[in-house]
Amino acid sequence: MIPGIGVLTQNTLWCFSQMKGAIETGVTEADIISTVEFNHTGELLATGDKGGRVVIFQREQESKNQVHRRGEYNVYSTFQSHEPEFDYLKSLEIEEKINKIRWLPQQNAAYFLLSTNDKTVKLWKVSERDKRPEGYNLKDEEGRLRDPATITTLRVPVLRPMDLMVEATPRRVFANAHTYHINSISVNSDYETYMSADDLRINLWNFEITNQSFNIVDIKPANMEELTEVITAAEFHPHHCNTFVYSSSKGTIRLCDMRASALCDRHTKFFEEPEDPSNRSFFSEIISSISDVKFSHSGRYIMTRDYLTVKVWDLNMENRPIETYQVHDYLRSKLCSLYENDCIFDKFECVWNGSDSVIMTGSYNNFFRMFDRNTKRDVTLEASRENSKPRAILKPRKVCVGGKRRKDEISVDSLDFSKKILHTAWHPSENIIAVAATNNLYIFQDKVN
Amino acid sequence: MSQKQEEENPAEETGEEKQDTQEKEGILPERAEEAKLKAKYPSLGQKPGGSDFLMKRLQKGVRGTISYPLTLEPKGMGPVEQKYFDSGDYNMAKAKMKNKQLPSAGPDKNLVTGDHIPTPQDLPQRKSSLVTSKLAG
């Protein structure tokens, strides 16, 4: 195993490792993956889908025999996290789709994660059971009650080994705190609290208390006619438990300090890039809406994703991002049709690698992009079944905009907009990435020399 | 930059604008796309980022049955949600969907006759997917 985190130079080669999910022509909607997340050690990888199910993969221990193959991820546990509900007051169905999964840092033998749909957050405990008590006095081995009259001796039950069983149990249900749809959850660095954000409000919870939460941000105007922006994503600072950020549909980010006041309606910092007014069009605001915001591991930077770009901001500089990367600028000339088929509203996520040197985000046609912040190199890769041979090296892809198309290039008009990569995850310390392509989960690793 | 300001008139998107500004990059594709859109849907409001979009986003319900390619409709925040009159309406709609999917086992199977008062047990419950995720398969 090669330690350390790779710099994306031309020497970094990404290889196919695994693909999960069925290979089928028609996709059942429930199977569409809606969130992907590694835990803090990278040992576990969780996915949530539109059917409200969570599947957790665990990395197998690397064997001495197979040094050329890094540990693979195998199914560890799967459970139904959320079920569809009906809101009787509003006569609307509440989707069971898992919007986000966030892991808690491990503090004992069990694993804990938060999963949320539009309305309810749940804390799940995933634990292993490998021993079973045997020799009860009042029950027989099948669990049937014994007739007390037949019991003539007493024995002490003993724990005997059994086949490993992984159980997932809901430990807390945090419900009825959101009028609007939850888009983000974020575990605080104090490991005692977390926040949940919907379109207009952000609530702070204590893990132990489910019937109360503090409202820390409320941007609902008194008159809804005056509504101009909504909250699109929110995250706690990785080290400072008093600091969090939230992004808006207008392309701005606000940083708030909970020490300043109980209700953080007044931001501490306001990040916005000035726009050239002559560039404004019907689409400007839509494509500037931030779909994801992520702190770097260092806590010094935040990364935001809007429809066409990824931006890196320095927390110390509010007036503009320090880096802007074009994800698929060729779509600028397709905005009309992307508006008609609703793709312009797709919410792409973005991720940092473990050392904050490379950032990754998805695109259409099952393409995903990586940008090396140091070398300024970028690469486009594809998650496809054609490249699914074990350890097959992924070939960089290229979209051609102009007239002359080279042999390996694909033209903008041939892109499949139904194949969108919205959710990706990067292992916290190694070059292993998980890419969700509709109903399939791809795992790629960098080439082991 | 000054050249842009001279012909600045966002209210009028015409083909001529495209020809006039052929040499300018950047804003051109977006404006051209905007012109296309306005030509198709002349009733589209001037202020896209305003209340309409956001209100739709806040009120979205379940996305019903999404199928690709998505249906084309001049609107904002995603596929049109299905709003139900009440829970009975919701359950009837779900039952109808189930009927469509099943090969018909006789026309009178799910008919609720006039003199049968449905009880909670009779109402078809929408069961979430009890099938294990294919990722775990």
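Cut-offs used in this document
- Residues numbered from 1 in each chain as written.
- Chains lettered and ligands numbered in written order.
- Predicted model: local features only at pLDDT ≥ 70, side-chain atom pairs only at ≥ 80, totals over all residues.
- Heavy atoms only, no water.
- Core = buried A, V, L, I, M, F, W, Y, C linked by side-chain atoms within 4.5 Å.
- Buried < 20%, exposed > 50% of the residue type's maximum accessible area, 1.4 Å probe, protein only.
- Helix = DSSP H or I, 4+ residues; strand = E, 2+ residues; numbered from the N terminus.
- Contact = heavy atoms within 4.5 Å.
- Pairing = 2+ DSSP bridges.
- Phe/Tyr/Trp six-rings, centres within 6.5 Å; stacked < 30°, edge-to-face > 60°.
- Axes fitted to C-alpha atoms, helices over the stretch in contact; angles between N-to-C directions.

Student: Any details on the nonpolar core? Residues and values, ideally.
Tutor: Note that soluble globular proteins tend to have their nonpolar side chains buried in a common cluster. All names here are of chain A. In this structure, F283, Y307, L331, Y339, I344 and L415 are the most contacted members of the largest nonpolar core, which totals 27 residues. Those elements giving two or more residues to this core turn out to be α1 (284-288) and α2 (335-340). For this core, the element with the highest residue contribution is α2, accounting for four residues. With residues up to four places along the chain from it excluded, the contact list for L415 reads Y330, N365, F367, V399 and I410.

Student: Let's hear about the pairing of strand β13 (residues 193-197) of chain A: which residues, and what values?
Tutor: Residue and element names in this part refer to chain A. Counting buried residues in β13 gives five out of five residues, a clear majority hidden from the surface. Side chains T193, M195 and A197 of β13 all project onto a buried face; the interleaved residues Y194 and S196 project onto the opposite face, where all are buried too. Counted along the chain from β13 to the antiparallel partner strand β14 (residues 201-206), the turn is three residues long.

Student: Tell me about the packing of aromatic side chains, and please be specific about residues and values.
Tutor: Residues and elements named next belong to chain A. Scanning all chains against the criterion turns up 24 aromatic pairs over all chains. An angle of 75° between the planes, with centres 6.0 Å apart, marks the rings of F271 and W313 as edge-to-face. Placement of the pair is F271 in strand β19 (residues 269-271) and W313 in strand β22 (residues 309-314), with a sequence separation of 42 residues. Classification of F271 by relative accessible area gives buried; the value is 0%. The buried category is assigned to W313, whose relative accessible area is 2%. Ring centres 6.3 Å apart and planes at 65° place the aromatic pair F283 and Y339 in the edge-to-face group.

Student: Explain the pairing of strand β18 (residues 253-257) of chain A to me, and be specific about the residues and the numbers.
Tutor: All names here are of chain A. With five of its five residues buried, β18 lies for the most part within the structure. Note that strand β17 (residues 243-248) and β18 share five bridges and pair antiparallel. Directly across from T243, in β18, lies its bridge partner D257. Taken together, β17 and the strand that follows it, β18, pair antiparallel across an intervening segment of four residues, in which G251 is found at a positive phi of about 85°.

Student: Describe the sheet that holds strand β16 (residues 231-236) of chain A, with residues and values.
Tutor: Residues and elements named next belong to chain A. Strand order in the open sheet formed by four strands is β16-β17-β18-β19, with antiparallel pairing between adjacent strands. Of all the strands in the sheet, the pair left with one neighbour each is β16 and β19. Strand-to-strand, the axes of this sheet are offset by a mean angle of 20°, without reference to chain direction.

Student: Could you give me a rundown of unusual backbone geometry, with the residues and numbers involved?
Tutor: All names here are of chain A. Of note, N365 is a non-glycine position whose phi angle comes to about 60°, a positive value. Relative to the helices and strands, N365 is located in the loop between β25 (358-362) and β26 (367-372). Taking relative accessible area as the criterion, N365 reaches 8% and is therefore assigned buried. Not every positive phi belongs to a glycine, and N366 is a case in point at roughly 60°. Secondary-structure assignment places N366 in the loop between β25 and β26. Take N366: its relative accessible area is 9%, and that puts it in the buried class.

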